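# Architecture at a glance
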Amino acid sequence: MKSSHLSLILLLLLPSLALAQTKPLPRIAIAGLAIESSTFSPALTDEAAFHAKYATDVFSAYPFMAADSPLRKKASWFPTIVGKSLPGGAVTRAAYESLVNKTLDSLKKHLPYDGLYFDIHGAMSVVGLDDPEGDFIVRIRKVIGNQTMISTSMDLHGNVSWRLAQNSDLITCYRMAPHEDAMQTKQRAVQNLINRIESGKGKPAYKAYISVPILLPGEKTSTRIEPGKSLYKQVAPAALQSGITDAAIWIGYAWADEPRNHAVVMVTGDDKQKVTRTAEQLARSFWNVRNQFEFVAPTGTLTECLDKAIASPKHPFYISDSGDNPTAGGAGDATWTLTQILARPEFKAANGPSLLYASIPAPELIKSAIAAGVGNHVEGFAGAAVDNRFAPPVKLSGTVESIVSGDKDAEVEAVIKVGSVHVIITQKRKPYHKEIDFTRLGLNPRTADIVVVKIGYLEPELYAMRADWLLAITPGGVDQNIERLPYKRIQRPMFPLDKDMKDPDLRAKLVPLSDK
Ligand SMILES: [Zn+2]
């Protein structure tokens, strides 16, 4: 009886409900630049490195925003520019200004906006400019105003300055390193933005911010192992509490020298007490385990690592050439490690232990290899065009094993066999993270004795195939021994640089809302 009455009432009400439903979709813009760039690296990053996507091409960066996806239908979208670069050296001022100005021009065309999704990494360094992401968001605010809700998503290795926090209404970062949840995080940032707009709740009323005076290399803070694992496990449940919109812990970026480079905890939501208390709990948990962060793999000098790998019965034995890791901001062309390898007597004969070396940029040698052809002898110099601080260009004299064109980053790659070492040379620098990066060059990383990669912690595919692994503490723009970096401008005291520092003030500060 009751239910039939109800359906009758609903039927009568339907036309007016339908009317109420026709309110226009929220207008949401998308913008962002992502790079982590080391100021301890002599490399510079130009505009092309960002592979910028414009207008509707931007959607291809987000599988969750495919044309028929539920999220895509929730708003009228105004994508401007989204650029993502491999990590590298500082971005040139011209590249930064060009990309920012194009973004602002694009934003001006479709004002006003209910929301903006700001997709950044958070560790961009720009020549002569502090806190570029903070500068960028302030300039966006000047165009779109302070009413628009901005949802910022970041890498957990990004830095959160006070002005970035103030101008972001929602702010979050990855909860996994390696970043297997990158897309999930971006989707959460977009979903939260839509939820707040659709529900009429508007901007979260409180944003708690805690600066945690810890600066650690990413290779010590993997969430696969303790204490990073348990620390980051607290984040999702913290964010799910009622009265809280999101919660995040940033490790920060160790290879830039600015006051903003340190860990941060932020929690956003509408329940003031819960927001501040939760932020303080997360910050205290982080501080309490600070002494337990260790490198994700056993470490050693390069000599120690090579000695162990050669003597080991376990193969493939992986060695991370970590100081010049191009995916952390190294120039990627430092030759120190390869020079040491080629000098070892064990690898001089063609039938010595097989070692794959990935990789070294050598555009001139690529030309010589193409001229010589596969199977023929070639010689020439590789690397150290950008970072020659630790070793000069290395001479390679060997046989061309393969030449492959078409990779987005490397453009052309070749394998030169020198003694028992298969050296991958590239036109431009490229990270080697996947099995196919090797197999497409005719190399098998599963049957090699030793694989040396310019990388920090092993990416999932390489990690899965390693029989053993050592992280070599090698010199370069992202030296993992951060205690030997010449910091001048970061805040002090800072753990672990100032060993005897007192416990810091970890009380939450409430960041002013963007429209206050
Ligand atoms: Zn990261």
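The numbers attached to residues start from 1 for each chain and follow its sequence in the written order. Only residues with pLDDT of at least 70 get local features here, since the model is predicted, and only at 80 or more are side-chain atom pairs given and counted; chain-wide, interface and lining totals rely on the full set of residues. Values shown for side chains rest on all heavy atoms present in the structure; no hydrogens or waters enter the calculation.

## Section: the overall build of the chain
Counting its secondary structure elements, the chain contains 13 helices and 22 strands. Restricting the calculation to C-alpha atoms gives the radius of gyration, and the globule rule supplies 2.2 Å times the number of residues raised to the power 0.38. The C-alpha atoms of the chain give a radius of gyration of 25 Å, which matches the 24 Å a tight globule of 516 residues would have. Across its three principal axes, the chain shows a C-alpha extent of roughly 90 × 55 × 55 Å. The buried label goes to any residue with under 20% of its type's maximum accessible area, the exposed label to any with over 50%, and the partly exposed label to all in between, with areas taken from a 1.4 Å probe on protein chains only. Considering the chain as a whole, with its 516 residues, one finds that 58% of them fall into the buried category. The long-range fraction of contacts in the chain, counting pairs at least 24 apart against all pairs at least 6 apart in sequence, stands at 74%. For the chain, the accessible area works out to roughly 21100 Å², and carbon and sulfur atoms hold 55% of it. Secondary structure elements are defined from DSSP: runs of H or I of at least 4 residues count as helices, runs of E of at least 2 residues count as strands, and each element is numbered from the N terminus. Contacts are assigned to residue pairs that have any heavy atoms within 4.5 Å of one another. Throughout, the Shrake-Rupley method with a 1.4 Å probe supplies accessible areas, and for residues the shown protein chains are the sole cover considered.

## Quick word on the side chain of Thr 278
Residue placement: Thr 278 occurs in helix α8 (residues 272-288). On the basis of relative accessible area, Thr 278 is assigned to the buried category, the value being 5%. For the purposes of these results, a polar contact is taken to be a pair of N or O atoms within 3.5 Å, where, inside protein, one atom must be able to donate a hydrogen and its partner to accept one; residues adjacent in sequence count only when each atom of the pair is a side-chain atom. Separated by 3.2 Å, the side chains of Thr 278 and Gln 241 make a polar contact. If we ignore the near neighbours within four places in the chain, the residues touching Thr 278 are Ala 238, Gln 241, Ile 244 and Val 267.

## Observations concerning the sheet that holds strand β1 (residues 27-34)
In this analysis, strands are considered paired if DSSP registers two or more bridges between them. One open sheet accounts for six strands, arranged β4-β5-β1-β7-β8-β9; its pairing is mixed. Whereas interior strands pair on both sides, the edge strands pair on one side only; in this sheet they are β4 (53-54) and β9 (170-173). Of the pairings in the sheet, the one linking β1 to strand β7 (residues 115-119) comprises four bridges and is parallel in character. Residue pairing in the sheet places Ile 30 in a bridge with Tyr 117 of β7. Lines fitted to C-alpha atoms define the axes, with helix axes restricted to the stretch in contact, and inter-axis angles between N-to-C directions lie between 0 and 180 degrees. The strands touched by helix α2 (residues 93-108) are β1, β4, β5 (76-84) and β7; relative to β5, the strand with the most contacts, the crossing angle is about 175°.

## Things to note about the coordination of the zinc ion
Only nitrogen, oxygen and sulfur atoms count as donors, using a 2.8 Å cut-off from the metal that widens to 3.2 Å for Na, K and Ca. Water is left out, so coordination shells may look unfilled. Binding of the zinc ion to the protein goes through Asp 155 (OD), Asp 155 (OD), His 157 (ND1) and His 179 (NE2), at separations of 2.1 to 2.5 Å. Look at where the donors of the zinc ion fall in the sequence and you get D-x1-H-x21-H. Of the two residues, Asp 155 and His 157, neither departs from the other in class, the shared state being buried.

## Examining the environment of Asn 291
Positionally, Asn 291 belongs in the loop between α8 and β13 (299-300). You can call Asn 291 exposed: its relative accessible area is 56%.

## Description of the layout of surface pockets
We place a 1 Å grid over just the protein atoms. Points where a 1.4 Å probe fits but has no way out form a cavity, open points with protein on both sides within 12 Å along at least 5 of 7 lines form a pocket, and any residue with an atom within 4 Å of a point lines it. Grid points are joined across faces, edges and corners, and a volume is the space filled by probe spheres set on the points. Computed from the structure, the largest pocket encloses a volume of approximately 1500 Å³. Around the largest pocket, the lining comprises 50 residues; the ones closest to its centre are Lys 84, Leu 86, Pro 87, Thr 327 and His 433. Three classes are used: nonpolar for Ala, Val, Leu, Ile, Met, Phe, Trp, Tyr, Cys and Pro, charged for Asp, Glu, Lys and Arg, and polar for all others, with Gly counted as polar. Its residues assigned to classes, the lining of the largest pocket comprises 22 nonpolar, twelve polar and 16 charged. Delimitation of the domains relies on an automatic or database domain assignment. Looking at which domains feed residues into the lining of the largest pocket, each of domain 1 (27-294 + 507-511) and domain 2 (299-479) gives three or more.

## Considerations on the packing of α2 against helix α3 (residues 132-144)
Direction vectors running N to C along α2 and α3 enclose 25°, while the axes themselves pass 10 Å from each other. Judged by the angle between their axes, α2 and α3 are roughly parallel. Helix-helix and strand crossings are classified by hand; for α2 and α3 the assignment is right-handed. On α3, the residues touching Tyr 96, Glu 97, Val 100, Asn 101, Thr 103, Leu 104, Leu 107 and Lys 108 of α2 are Pro 132, Asp 135, Phe 136, Arg 139, Ile 140, Val 143 and Ile 144. Classifying every residue of the contact of α2 with α3 by side-chain character gives nine nonpolar, two polar and four charged. The cut-offs work like this: below 35 degrees is roughly parallel, past 145 is roughly antiparallel, 65 to 115 is roughly perpendicular, and the gaps in between are oblique. Handedness of a crossing is defined here by the sense of rotation of the near helix relative to the far one, left-handed for an anticlockwise turn of less than a right angle and right-handed for a clockwise turn.

## With respect to the pairing of strand β6 (residues 88-91)
Alignment of strand β2 (residues 37-38) against β6, held across two bridges, turns out to be parallel. Across the sheet, the residue bridging to Ser 38 is Gly 89, located in β6. Of the pairings in the sheet, the one linking strand β3 (residues 44-45) to β6 comprises two bridges and is parallel in character. The partner of Leu 44 across the bridge, within β6, is Ala 90.

## Some words on the packing of aromatic side chains
Geometry of aromatic contacts follows a simple scheme: Phe, Tyr and Trp rings, the Trp one being its six-membered ring, pair when their centres are within 6.5 Å, and the pair is stacked under 30 degrees between planes, edge-to-face over 60, tilted otherwise. A complete count under the given rule lists eleven aromatic pairs for this structure. Ring centres 5.4 Å apart and planes at 85° place the aromatic pair Phe 40 and Tyr 487 in the edge-to-face group. With Phe 40 in the loop between β2 and β3 and Tyr 487 in the loop between β21 (468-472) and β22 (509-510), the pair connects residues that are 447 residues apart, well separated along the chain. Each member of the pair Phe 40 and Tyr 487 is classed as buried. Taken together through their ring pairs, the aromatic side chains of Tyr 62, Phe 64 and Tyr 117 make up a single cluster. Definition used: whenever NZ (Lys) or CZ (Arg) falls within 6 Å of the ring centre and also within 35 degrees of the ring normal, the charge is taken to sit over that ring. Above the ring of Phe 59, the side-chain terminus of Arg 72 is found at 3.5 Å from the ring centroid. The cationic tip of Arg 224 hangs over the ring face of Tyr 463; the distance from NZ or CZ to the ring centre is 4.4 Å.

## Some remarks on the sheet that holds strand β10 (residues 206-212)
Pairing within the open sheet is antiparallel, and its four strands lie in the order β11-β12-β10-β22. Of all strands in the sheet, those with a lone pairing partner are β11 (244-250) and β22, marking the two edges. Pairing of β10 with strand β12 (residues 263-269), which is carried by seven bridges, proceeds in the antiparallel orientation. When the sheet's bridge partners are listed, Ala 208 is paired in β12 with Val 267. Along the sheet, α8 makes contact with β10, β11, β12 and β22, crossing β10 at roughly 15°.

## Quick word on the side chain of Asn 325
Structurally, the position occupied by Asn 325 is in the loop between β14 (317-321) and α10 (336-343). On the basis of relative accessibility, which here comes to 3%, the residue Asn 325 falls in the buried class. Aside from chain neighbours lying at most four places away, what touches Asn 325 is Glu 219, Gly 330, Lys 454, Ile 455, Gly 456 and Val 478.

## A word on the domain arrangement of the chain
What the domain assignment lists for the chain is domain 1 (27-294 + 507-511) and domain 2 (299-479). Its C-alpha centre places domain 1 at a distance of 33 Å from the equivalent point of domain 2. Across the boundary between the two partners, domain 1 contributes 21 residues, which contact 23 residues of domain 2. For the domain 1 and domain 2 pair, buried surface summed over both sides reaches about 1600 Å², with 59% attributable to carbon and sulfur atoms. The term buried area denotes the loss of accessible surface (1.4 Å probe radius) that occurs when two parts are joined, taken as the sum for both partners. Of all residues in domain 1, the largest losses of buried area upon contact with domain 2 belong to Leu 86, Glu 219 and Arg 224, amounting jointly to 32% of the total for that side. Here a salt bridge means any side-chain nitrogen of Lys or Arg lying within 4 Å of a carboxyl oxygen belonging to Asp or Glu. Linking domain 1 with domain 2 are zero salt bridges.

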